[in-house]
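Reading the structure
Residue-level listing of the chains:
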Amino acid sequence: MTILVTGGAGYIGSHTVLTLLEAGYGVVVLDNLCNASLESLRRVERMAGRELAFVKGDVCDQACLDAIFAEWEITAVIHLAGLKAVEESVQQPLDYYGNNVGGSLTLYQAMRSAGVHRLVFSSSATVYGAEAPVPYREDFPRGVPSSAYGASKAMVEQMLEELCSVENAWSVVMLRYFNPIGAHASGQIGEDPRGFPNNLMPYIAQVAAGRRETLSIFGDDYPTVDGTCERDYLHVMDLAEGHVVAMKHLDRTGIQCYNLGTGRPVSVLQMVSRFIAVNGVDVPYLMAPRRAGDLPAFWADPTKAWNELGWRARRCLDSMVRDTWRWQQLNPDGYP
Ligand code: WQD
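A brief look at the structure comes next. Everything numeric in this text was worked out from a predicted model, so none of it was measured.

What counts as what
- Residues numbered from 1 in each chain as written.
- Predicted model: local features only at pLDDT ≥ 70, side-chain atom pairs only at ≥ 80, totals over all residues.
- Heavy atoms only, no water.
- Phe/Tyr/Trp six-rings, centres within 6.5 Å; stacked < 30°, edge-to-face > 60°.
- Helix = DSSP H or I, 4+ residues; strand = E, 2+ residues; numbered from the N terminus.
- Buried < 20%, exposed > 50% of the residue type's maximum accessible area, 1.4 Å probe, protein only.
- Core = buried A, V, L, I, M, F, W, Y, C linked by side-chain atoms within 4.5 Å.
- Near = heavy atom within 4 Å.
- Polar contact = N/O pair within 3.5 Å; in protein donor to acceptor, adjacent residues only side chain to side chain.
- Areas by Shrake-Rupley, 256 points an atom, 1.4 Å probe, with all protein chains shown as cover.
- Nonpolar A, V, L, I, M, F, W, Y, C, P; charged D, E, K, R; others polar.

**Describing the packing of aromatic side chains**
In the structure shown here, the tally under the stated rule is eight aromatic pairs. Both rings, one in Tyr136 and one in Phe178, keep their centres 6.1 Å apart while their planes meet at 45 degrees; by these two values the pair is tilted. With a gap of 42 residues between them, Tyr136 in the loop between strand S5 (118-124) and helix H6 (148-166) and Phe178 in the loop between strand S6 (171-177) and strand S7 (179-181) connect regions that are remote in the sequence. The exposure class of Tyr136 is buried, given its relative accessible area of 2%.

Next up, the structure:
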(Lines give C-alpha, C1' and ligand atoms only; values in the text may rest on other atoms or scores of the structure.)
Protein backbone atom coordinates (compact mmCIF):
# COMPACT_ATOMS: atom_id res chain seq x y z
CA MET A 1 0.00 0.00 0.00
CA THR A 2 1.71 3.18 -1.17
CA ILE A 3 0.18 6.52 -0.23
CA LEU A 4 0.89 9.78 -2.03
CA VAL A 5 0.93 12.65 0.48
CA THR A 6 0.90 16.08 -1.18
CA GLY A 7 2.34 18.74 1.13
CA GLY A 8 3.89 15.95 3.19
CA ALA A 9 6.94 17.98 4.27
CA GLY A 10 4.86 20.60 6.08
CA TYR A 11 3.71 20.84 9.70
CA ILE A 12 0.65 18.58 9.42
CA GLY A 13 2.22 16.64 6.57
CA SER A 14 5.36 15.58 8.45
CA HIS A 15 3.33 14.34 11.44
CA THR A 16 0.94 12.50 9.12
CA VAL A 17 3.77 10.91 7.11
CA LEU A 18 5.42 9.70 10.33
CA THR A 19 2.14 8.09 11.41
CA LEU A 20 1.75 6.41 8.02
CA LEU A 21 5.31 5.01 8.04
CA GLU A 22 4.87 3.71 11.59
CA ALA A 23 1.61 2.04 10.46
CA GLY A 24 3.58 0.19 7.76
CA TYR A 25 2.48 2.13 4.67
CA GLY A 26 4.79 3.04 1.81
CA VAL A 27 4.84 6.82 1.35
CA VAL A 28 5.59 9.12 -1.56
CA VAL A 29 5.74 12.81 -0.62
CA LEU A 30 5.17 15.57 -3.16
CA ASP A 31 6.04 19.01 -1.85
CA ASN A 32 7.24 22.24 -3.49
CA LEU A 33 8.91 23.23 -0.18
CA CYS A 34 7.43 26.77 -0.41
CA ASN A 35 6.44 26.52 3.25
CA ALA A 36 8.29 23.39 4.41
CA SER A 37 11.78 22.01 4.97
CA LEU A 38 13.23 18.78 3.63
CA GLU A 39 14.84 18.38 7.05
CA SER A 40 11.43 17.48 8.45
CA LEU A 41 11.32 14.41 6.20
CA ARG A 42 14.88 13.39 7.02
CA ARG A 43 13.93 13.41 10.69
CA VAL A 44 10.69 11.54 10.03
CA GLU A 45 12.66 8.77 8.31
CA ARG A 46 15.05 8.52 11.26
CA MET A 47 12.17 8.45 13.76
CA ALA A 48 10.24 5.80 11.82
CA GLY A 49 13.34 3.77 10.91
CA ARG A 50 11.99 3.57 7.37
CA GLU A 51 12.56 5.44 4.13
CA LEU A 52 10.08 7.39 2.05
CA ALA A 53 10.20 8.67 -1.52
CA PHE A 54 10.31 12.43 -2.02
CA VAL A 55 9.45 14.38 -5.18
CA LYS A 56 10.03 18.12 -5.21
CA GLY A 57 7.19 19.53 -7.24
CA ASP A 58 3.81 21.18 -7.34
CA VAL A 59 0.29 19.79 -7.42
CA CYS A 60 -0.40 22.28 -10.22
CA ASP A 61 2.13 20.46 -12.41
CA GLN A 62 0.20 17.83 -14.35
CA ALA A 63 3.33 16.29 -15.87
CA CYS A 64 4.91 15.90 -12.43
CA LEU A 65 1.79 14.18 -11.13
CA ASP A 66 1.53 11.87 -14.16
CA ALA A 67 5.17 10.87 -13.64
CA ILE A 68 4.49 10.00 -9.98
CA PHE A 69 1.50 7.79 -10.84
CA ALA A 70 3.60 6.13 -13.55
CA GLU A 71 6.54 5.51 -11.21
CA TRP A 72 4.72 4.25 -8.11
CA GLU A 73 1.62 2.10 -7.61
CA ILE A 74 -0.29 4.69 -5.56
CA THR A 75 -3.28 3.17 -3.72
CA ALA A 76 -4.59 6.38 -2.11
CA VAL A 77 -3.82 10.08 -1.93
CA ILE A 78 -3.80 12.33 1.15
CA HIS A 79 -4.02 15.84 -0.23
CA LEU A 80 -2.57 18.40 2.20
CA ALA A 81 -0.74 20.72 -0.21
CA GLY A 82 -2.14 24.23 -0.27
CA LEU A 83 -1.80 27.79 1.03
CA LYS A 84 -3.40 28.35 4.43
CA ALA A 85 -2.85 31.88 5.78
CA VAL A 86 -6.29 33.42 6.09
CA GLU A 87 -5.18 37.05 6.20
CA GLU A 88 -2.77 36.55 3.27
CA SER A 89 -5.56 34.97 1.21
CA VAL A 90 -7.62 38.16 1.52
CA GLN A 91 -4.76 40.12 -0.08
CA GLN A 92 -3.78 37.45 -2.64
CA PRO A 93 -6.99 35.66 -3.71
CA LEU A 94 -5.68 34.49 -7.09
CA ASP A 95 -2.73 32.70 -5.46
CA TYR A 96 -5.16 30.89 -3.15
CA TYR A 97 -7.65 29.92 -5.84
CA GLY A 98 -4.78 28.96 -8.17
CA ASN A 99 -3.02 26.75 -5.63
CA ASN A 100 -5.87 25.38 -3.57
CA VAL A 101 -8.57 24.99 -6.24
CA GLY A 102 -6.41 24.76 -9.36
CA GLY A 103 -4.00 22.37 -7.69
CA SER A 104 -6.85 20.18 -6.49
CA LEU A 105 -8.37 20.09 -9.97
CA THR A 106 -5.03 19.08 -11.53
CA LEU A 107 -4.44 16.42 -8.89
CA TYR A 108 -7.88 14.85 -9.19
CA GLN A 109 -7.65 14.78 -12.98
CA ALA A 110 -4.26 13.05 -12.72
CA MET A 111 -5.70 10.59 -10.19
CA ARG A 112 -8.58 9.74 -12.51
CA SER A 113 -6.24 9.26 -15.48
CA ALA A 114 -4.15 6.90 -13.35
CA GLY A 115 -7.19 4.99 -12.08
CA VAL A 116 -6.59 6.11 -8.46
CA HIS A 117 -9.91 7.01 -6.82
CA ARG A 118 -9.20 6.96 -3.06
CA LEU A 119 -8.68 10.40 -1.54
CA VAL A 120 -8.42 12.05 1.86
CA PHE A 121 -8.80 15.82 1.46
CA SER A 122 -7.54 18.38 3.96
CA SER A 123 -10.47 20.73 4.46
CA SER A 124 -11.16 23.28 7.17
CA ALA A 125 -13.67 24.40 9.76
CA THR A 126 -13.66 27.75 7.96
CA VAL A 127 -16.12 26.28 5.40
CA TYR A 128 -18.92 26.58 7.98
CA GLY A 129 -18.77 30.39 7.65
CA ALA A 130 -19.53 33.13 10.16
CA GLU A 131 -23.26 32.45 10.61
CA ALA A 132 -23.14 28.78 11.62
CA PRO A 133 -24.22 27.98 15.21
CA VAL A 134 -21.62 26.26 17.43
CA PRO A 135 -20.69 23.53 17.88
CA TYR A 136 -20.29 22.94 14.15
CA ARG A 137 -21.89 19.74 12.80
CA GLU A 138 -21.10 18.10 9.45
CA ASP A 139 -24.75 18.20 8.34
CA PHE A 140 -24.74 22.01 8.44
CA PRO A 141 -24.73 23.63 4.99
CA ARG A 142 -21.49 25.27 4.03
CA GLY A 143 -21.59 28.95 4.92
CA VAL A 144 -20.18 32.10 3.33
CA PRO A 145 -16.43 31.88 4.05
CA SER A 146 -14.80 35.10 5.23
CA SER A 147 -11.65 34.70 3.13
CA ALA A 148 -10.34 33.32 -0.16
CA TYR A 149 -8.73 30.57 1.90
CA GLY A 150 -12.08 29.43 3.31
CA ALA A 151 -13.78 29.88 -0.07
CA SER A 152 -11.11 27.76 -1.77
CA LYS A 153 -11.69 24.91 0.68
CA ALA A 154 -15.47 25.17 0.20
CA MET A 155 -15.04 25.12 -3.59
CA VAL A 156 -12.94 21.96 -3.49
CA GLU A 157 -15.49 20.30 -1.20
CA GLN A 158 -18.24 21.12 -3.70
CA MET A 159 -16.09 19.93 -6.64
CA LEU A 160 -15.54 16.60 -4.89
CA GLU A 161 -19.23 16.19 -4.01
CA GLU A 162 -20.23 16.77 -7.63
CA LEU A 163 -17.50 14.44 -8.91
CA CYS A 164 -18.60 11.65 -6.57
CA SER A 165 -22.22 12.12 -7.58
CA VAL A 166 -21.45 11.24 -11.22
CA GLU A 167 -18.43 8.92 -10.95
CA ASN A 168 -19.10 6.16 -8.44
CA ALA A 169 -15.57 4.78 -8.52
CA TRP A 170 -14.45 7.49 -6.11
CA SER A 171 -14.03 7.05 -2.37
CA VAL A 172 -13.42 10.41 -0.67
CA VAL A 173 -13.11 11.56 2.94
CA MET A 174 -12.92 15.29 3.63
CA LEU A 175 -11.45 16.22 7.01
CA ARG A 176 -12.46 19.58 8.44
CA TYR A 177 -9.59 20.65 10.67
CA PHE A 178 -10.15 22.91 13.62
CA ASN A 179 -6.99 24.39 15.16
CA PRO A 180 -4.07 21.95 15.09
CA ILE A 181 -1.22 22.81 17.50
CA GLY A 182 1.59 21.04 19.33
CA ALA A 183 4.37 18.79 18.08
CA HIS A 184 5.53 15.18 18.22
CA ALA A 185 6.51 14.39 21.83
CA SER A 186 10.14 13.84 20.79
CA GLY A 187 10.48 17.50 19.82
CA GLN A 188 12.11 16.39 16.55
CA ILE A 189 9.35 17.73 14.28
CA GLY A 190 6.98 20.62 14.78
CA GLU A 191 5.50 23.82 13.42
CA ASP A 192 8.10 25.99 11.71
CA PRO A 193 6.32 29.04 10.24
CA ARG A 194 8.29 31.06 7.70
CA GLY A 195 8.86 34.59 9.06
CA PHE A 196 6.16 36.20 11.19
CA PRO A 197 3.88 33.53 12.74
CA ASN A 198 0.24 34.16 11.84
CA ASN A 199 -1.09 31.60 14.28
CA LEU A 200 -1.39 31.86 18.06
CA MET A 201 0.61 28.89 19.29
CA PRO A 202 3.88 29.44 17.39
CA TYR A 203 3.73 33.08 18.40
CA ILE A 204 3.34 32.19 22.09
CA ALA A 205 6.28 29.77 21.81
CA GLN A 206 8.52 32.36 20.14
CA VAL A 207 7.68 34.97 22.83
CA ALA A 208 8.44 32.41 25.56
CA ALA A 209 11.77 31.69 23.85
CA GLY A 210 12.61 35.39 23.60
CA ARG A 211 12.47 35.45 19.79
CA ARG A 212 9.56 37.94 19.99
CA GLU A 213 9.06 40.57 22.66
CA THR A 214 5.37 40.37 23.51
CA LEU A 215 2.26 38.59 22.35
CA SER A 216 -0.54 40.81 21.07
CA ILE A 217 -3.91 39.39 22.01
CA PHE A 218 -6.29 40.47 19.27
CA GLY A 219 -9.39 41.61 21.09
CA ASP A 220 -10.64 41.22 24.68
CA ASP A 221 -14.21 42.40 24.16
CA TYR A 222 -15.73 39.36 22.48
CA PRO A 223 -18.87 37.70 23.90
CA THR A 224 -16.84 34.79 25.31
CA VAL A 225 -15.78 33.36 28.66
CA ASP A 226 -13.12 36.04 29.19
CA GLY A 227 -13.53 38.38 26.22
CA THR A 228 -10.86 36.69 24.06
CA CYS A 229 -11.64 34.41 21.12
CA GLU A 230 -12.35 30.75 21.72
CA ARG A 231 -11.14 28.00 19.38
CA ASP A 232 -11.06 24.20 19.27
CA TYR A 233 -7.35 23.36 19.54
CA LEU A 234 -6.32 19.76 18.90
CA HIS A 235 -2.95 18.04 19.08
CA VAL A 236 -1.31 17.66 15.67
CA MET A 237 -0.59 13.98 16.44
CA ASP A 238 -4.33 13.41 16.99
CA LEU A 239 -4.91 15.11 13.65
CA ALA A 240 -2.27 12.93 11.97
CA GLU A 241 -3.85 9.77 13.38
CA GLY A 242 -7.19 10.99 12.07
CA HIS A 243 -5.83 10.85 8.51
CA VAL A 244 -4.71 7.24 8.89
CA VAL A 245 -8.05 6.23 10.37
CA ALA A 246 -9.89 8.08 7.59
CA MET A 247 -7.81 6.34 4.93
CA LYS A 248 -8.76 2.96 6.33
CA HIS A 249 -12.39 3.91 5.74
CA LEU A 250 -11.88 4.55 2.04
CA ASP A 251 -13.09 1.06 1.19
CA ARG A 252 -16.64 2.35 0.94
CA THR A 253 -17.28 4.42 -2.17
CA GLY A 254 -18.89 7.81 -2.03
CA ILE A 255 -17.95 10.90 -0.05
CA GLN A 256 -18.04 11.78 3.63
CA CYS A 257 -16.80 14.73 5.70
CA TYR A 258 -15.69 14.69 9.34
CA ASN A 259 -14.81 17.33 11.90
CA LEU A 260 -11.40 16.80 13.48
CA GLY A 261 -11.61 18.67 16.74
CA THR A 262 -11.87 18.06 20.49
CA GLY A 263 -15.30 19.62 20.97
CA ARG A 264 -13.81 21.77 23.76
CA PRO A 265 -13.33 25.54 23.25
CA VAL A 266 -10.27 27.25 24.75
CA SER A 267 -9.84 31.04 24.86
CA VAL A 268 -6.64 32.88 23.97
CA LEU A 269 -6.11 33.91 27.59
CA GLN A 270 -6.74 30.35 28.80
CA MET A 271 -4.17 29.08 26.28
CA VAL A 272 -1.56 31.62 27.39
CA SER A 273 -2.18 30.77 31.04
CA ARG A 274 -1.82 27.01 30.45
CA PHE A 275 1.38 27.52 28.45
CA ILE A 276 2.90 29.58 31.30
CA ALA A 277 1.73 27.23 34.05
CA VAL A 278 2.72 23.94 32.37
CA ASN A 279 6.08 25.09 31.06
CA GLY A 280 7.10 27.43 33.89
CA VAL A 281 7.93 30.24 31.46
CA ASP A 282 6.84 33.83 31.03
CA VAL A 283 4.78 35.01 28.06
CA PRO A 284 4.44 38.81 28.21
CA TYR A 285 1.31 39.95 26.39
CA LEU A 286 -0.71 43.06 25.72
CA MET A 287 -4.28 43.55 24.58
CA ALA A 288 -4.54 44.77 20.99
CA PRO A 289 -7.44 45.60 18.65
CA ARG A 290 -9.45 42.82 17.09
CA ARG A 291 -7.98 41.08 13.99
CA ALA A 292 -10.07 41.43 10.81
CA GLY A 293 -11.91 38.22 9.94
CA ASP A 294 -11.68 36.61 13.37
CA LEU A 295 -14.84 34.92 14.64
CA PRO A 296 -15.56 35.17 18.38
CA ALA A 297 -15.83 31.44 19.01
CA PHE A 298 -16.16 28.14 17.16
CA TRP A 299 -15.59 24.51 18.02
CA ALA A 300 -16.46 21.07 16.73
CA ASP A 301 -19.19 18.60 17.44
CA PRO A 302 -16.80 15.61 17.12
CA THR A 303 -19.34 12.80 17.50
CA LYS A 304 -19.57 11.79 13.82
CA ALA A 305 -15.83 10.96 13.60
CA TRP A 306 -16.13 8.93 16.80
CA ASN A 307 -19.29 7.08 15.73
CA GLU A 308 -18.16 6.31 12.17
CA LEU A 309 -14.36 6.30 12.24
CA GLY A 310 -13.73 5.43 15.86
CA TRP A 311 -11.53 8.55 16.03
CA ARG A 312 -11.44 11.13 18.74
CA ALA A 313 -8.84 13.60 19.97
CA ARG A 314 -7.09 11.92 22.91
CA ARG A 315 -4.29 14.30 23.89
CA CYS A 316 -5.04 17.00 26.48
CA LEU A 317 -4.30 20.72 26.42
CA ASP A 318 -1.34 20.32 28.76
CA SER A 319 0.37 17.93 26.33
CA MET A 320 -0.31 20.35 23.46
CA VAL A 321 1.47 23.20 25.21
CA ARG A 322 4.19 20.95 26.67
CA ASP A 323 5.02 19.38 23.29
CA THR A 324 5.01 22.80 21.62
CA TRP A 325 7.53 24.12 24.11
CA ARG A 326 9.81 21.06 23.78
CA TRP A 327 9.91 21.56 19.98
CA GLN A 328 10.60 25.26 20.43
CA GLN A 329 13.42 24.65 22.96
CA LEU A 330 15.10 21.98 20.82
CA ASN A 331 14.71 24.01 17.62
CA PRO A 332 14.93 27.71 18.58
CA ASP A 333 15.17 28.76 14.93
CA GLY A 334 13.05 25.96 13.46
CA TYR A 335 14.55 23.57 10.93
CA PRO A 336 18.10 24.33 9.80
C1 WQD B 1 -6.46 31.82 17.02
C2 WQD B 1 -6.86 32.94 17.95
C3 WQD B 1 -6.58 35.14 17.05
C4 WQD B 1 -2.24 35.21 16.90
C5 WQD B 1 -6.18 29.16 11.90
C6 WQD B 1 -5.90 29.26 10.47
C7 WQD B 1 -6.95 28.55 9.65
C8 WQD B 1 -7.28 27.19 10.20
C9 WQD B 1 -7.39 27.14 11.71
C10 WQD B 1 -6.65 25.31 8.89
C11 WQD B 1 -7.62 34.06 17.22
C12 WQD B 1 -5.68 34.92 18.27
C13 WQD B 1 -3.54 34.80 17.08
C14 WQD B 1 -1.71 36.26 17.72
C15 WQD B 1 -3.81 36.38 18.87
N16 WQD B 1 -6.29 26.27 9.79
N17 WQD B 1 -4.30 35.37 18.05
N18 WQD B 1 -2.52 36.80 18.67
O19 WQD B 1 -7.43 32.19 13.00
O20 WQD B 1 -8.55 30.36 14.38
O21 WQD B 1 -7.37 29.81 12.25
O22 WQD B 1 -6.26 27.82 12.26
O23 WQD B 1 -7.66 25.16 8.34
O24 WQD B 1 -6.39 28.42 8.36
O25 WQD B 1 -5.93 30.63 10.18
O26 WQD B 1 -6.07 30.50 14.31
O27 WQD B 1 -4.01 30.69 15.62
O28 WQD B 1 -4.46 32.42 13.83
O29 WQD B 1 -5.82 32.44 15.90
O30 WQD B 1 -4.54 36.90 19.74
O31 WQD B 1 -0.52 36.69 17.60
O32 WQD B 1 -5.67 33.54 18.48
O33 WQD B 1 -7.14 36.44 17.07
O34 WQD B 1 -8.62 34.55 18.07
P35 WQD B 1 -7.44 30.80 13.51
P36 WQD B 1 -4.99 31.53 14.88
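So much for the structure itself; the text now carries on.
**Brief notes about the nonpolar core**
Leu20 and Met247 are the most contacted members of the largest nonpolar core, which has 51 residues in total. It is helix H1 (residues 11-22) that provides the largest number of residues to this core, a total of six residues. Counting 29 residues, the second-largest nonpolar core is a separate cluster that includes Tyr108, Val116, Leu119 and Cys257.

**Considerations on the site of the ligand**
Lining the immediate environment of the ligand, one finds 20 residues, of which Tyr149, Leu200, Ser216, Arg231 and Asp294 sit closest. At 2.9 Å, a backbone N or O of Phe218 approaches an oxygen atom of the ligand. Within the side chain of Arg231, an N or O atom sits 2.7 Å from an oxygen atom of the ligand. When the ligand is considered free in solution it has 690 Å² of accessible area, and contact with the protein chains removes 92% of it. Breaking the shell around the ligand down by element, the ones donating at least two residues are helix H7 (200-208) and strand S8 (215-218). For the shell around the ligand, the element with the most residues is S8, which contributes four residues. When the residues that make up the shell around the ligand are grouped by side-chain class, the tally is 11 nonpolar, five polar and four charged.

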